[in-house]
Amino acid sequence: MVRSATSLTGNGVRDWLWQRVSAVILAVYTLFIFGFIWCTPQLDYATWFQFFQGIGVKLFTILAALSLLTHAWVGMWTILTDYVKSARLRLTLEVLVIIALFLYFLVAIAIVWSV
Amino acid sequence: MSEAMRTVKFKIYRFNPEVDIKPTMQDYELTIPDKQDMMLLEAILRIKAMDDSLAFRRSCREGVCGSDGMNINGRNGLACVTLLSALKQPIELRPLPGLPVIRDLVVDMKIFFEQYAKVKPYLINDEPPPAKERLQSPAERKKLDGLYECILCACCSTSCPSFWWNPEKFIGPAGLLQAYRFIADSRDTAKVERLEALTDPFSVFRCRGVMNCVDVCPKGLNPTRAIGHIRSELLAEGN
Ligand code: SF4
Ligand code: SF4
Ligand code: FES
């Protein structure tokens, strides 16, 4: 058993599952958005705005952003633990990634809620 | 009548840490009868007869002991079961990648065997032994096919990028194949503990499904599939 405090759940099975679940959510969301674009004959600002006013779309968008956060963290953590051998540098980079992802998430919420 | 001869060209990795600052590739030429083919190991033995400073491991010379794993023209394999005629010249021989070089083609396999030891590669059964032996049905026995044949040559683990990057944490394809060999054994009673010990994010889950291991295994085994089975068992156990 290898201990790792910084992975998403500290458990390989759960990390793995979260990464897959978040991937599915992102895939469905992508299809949903493309489906909307496809099915809208005239896509202008007004329709786009109206689309994002629906509470369902808002929640789904936030869920997708959360999934992106989860997915990216598991992936970035894996990449960093593969390639960055210095523990101090790795921790620094990990913190930077977390801050960046968290900011992205805040911005996503701010955008969705401003509609 | 003299026999027609041909020359086979080699480039062999040479490194003696006691005297060399860095490794070099040394050229060798071997002259053999035109019509004769042989295994790469035989050719290396002949080169050693010319230059006995060349170091490498071998024992069984028939793909059973697992000691002559090396990187042959960029691909890991056993010299003793690789035909000379199948190789492009100059034949480049290097030590197995990712492990410390002791000398020339001889690598330090310590970490590889430590990972192997981690999976407790022996039968665990806490029930009282029956008078004769622990029986298996033919179907139960069949589950071990493709698992027990591993000769621990390390060709797979040393071709796996995940093992290169995390050799102390990722068990690697060879160790995991053996882990599954005992998880799948109907006579073993430690399945839950075995799985429990593999739940962390590195031991199993660092496998990214690159499948280099499957590509190189000289025994035609499929560690990736075994790793997939371990994953499914872990998910089924709900860890
Ligand atoms: S699985 Fe194949 S390549 Fe890997 S150690 Fe066993 S025999 Fe060698
Ligand atoms: S499938 Fe997994 S174990 Fe095999 S080489 Fe790829 S990462 Fe390594
Ligand atoms: S010498 Fe034994 S496997 Fe090649």
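These figures come from a predicted structure and were not determined experimentally.

Quick look at empty space enclosed by the protein
Take a probe with the size of a water molecule and roll it over the atoms, and the empty space left behind shows itself.
Residue and element names in this part refer to chain B.
Then, in step 1: Under the definition given, this model contains 2 cavities of 30 Å³ or more.
Then, in step 2: Volume-wise, the largest cavity comes out at about 90 Å³.
Then, in step 3: Contributing to the lining of the largest cavity are 13 residues, with Cys 150, Cys 153, Cys 156, Cys 217 and Leu 221 lying nearest its centre.
Then, in step 4: When the residues that make up the lining of the largest cavity are grouped by side-chain class, the tally is 12 nonpolar, no polar and 1 charged.

A few points about the site of ligand 1
Residues and elements named next belong to chain B.
Then, in step 1: Taken together, Cys 150, Ile 151, Leu 152, Cys 153, Ala 154, Cys 155, Cys 156, Ala 174, Leu 177, Cys 217, Pro 218 and Lys 219 are the residues near ligand 1.
Then, in step 2: The cavity that encloses ligand 1 is the largest cavity.
Then, in step 3: For the shell around ligand 1, the per-class residue count stands at 11 nonpolar, no polar and 1 charged.

Things to note about the side chain of Arg 206 of chain B
Then, in step 1: Mapped onto the fold, Arg 206 of chain B is located in the loop between α6 (191-196) and α7 (212-216).
Then, in step 2: We classify Arg 206 of chain B as buried; its relative accessible area is 1%.
Then, in step 3: In this view, Arg 206 of chain B contacts Trp 77, Thr 78, Thr 81 and Asp 82 of chain A together with Ser 162, Asn 166, Phe 170 and Pro 201 of chain B; residues no more than four positions away in its chain are not counted.

Observations regarding the interface of chain B and chain A
Then, in step 1: Counting residues at the interface gives 18 residues for chain B and 19 residues for chain A.
Then, in step 2: Between chain B and chain A, the buried area comes to about 1700 Å², and carbon and sulfur atoms account for 62% of it.
Then, in step 3: The interface formed by chain B and chain A contains 1 salt bridge.
Then, in step 4: Where chain B packs against chain A, one counts 9 residue pairs in polar contact (both at pLDDT 80 or more).
Then, in step 5: Of the residues assigned to the side of chain B that touches chain A, the class counts are 7 nonpolar, 4 polar and 7 charged.

Conventions we followed
- Residues numbered from 1 in each chain as written.
- Chains lettered and ligands numbered in written order.
- Predicted model: local features only at pLDDT ≥ 70, side-chain atom pairs only at ≥ 80, totals over all residues.
- Heavy atoms only, no water.
- 1 Å grid on protein atoms, 1.4 Å probe; cavity = no way out; pocket = protein on both sides within 12 Å on 5 of 7 lines; lining within 4 Å.
- Points joined across faces, edges and corners; volume = space filled by probe spheres on them.
- Nonpolar A, V, L, I, M, F, W, Y, C, P; charged D, E, K, R; others polar.
- Near = heavy atom within 4 Å.
- Sits in = over half its atoms within 2 Å of the grid points.
- Helix = DSSP H or I, 4+ residues; strand = E, 2+ residues; numbered from the N terminus.
- Buried < 20%, exposed > 50% of the residue type's maximum accessible area, 1.4 Å probe, protein only.
- Contact = heavy atoms within 4.5 Å.
- Buried area = accessible area lost by both parts, 1.4 Å probe.
- Salt bridge = Lys/Arg side-chain N within 4 Å of Asp/Glu carboxyl O.
- Polar contact = N/O pair within 3.5 Å; in protein donor to acceptor, adjacent residues only side chain to side chain.

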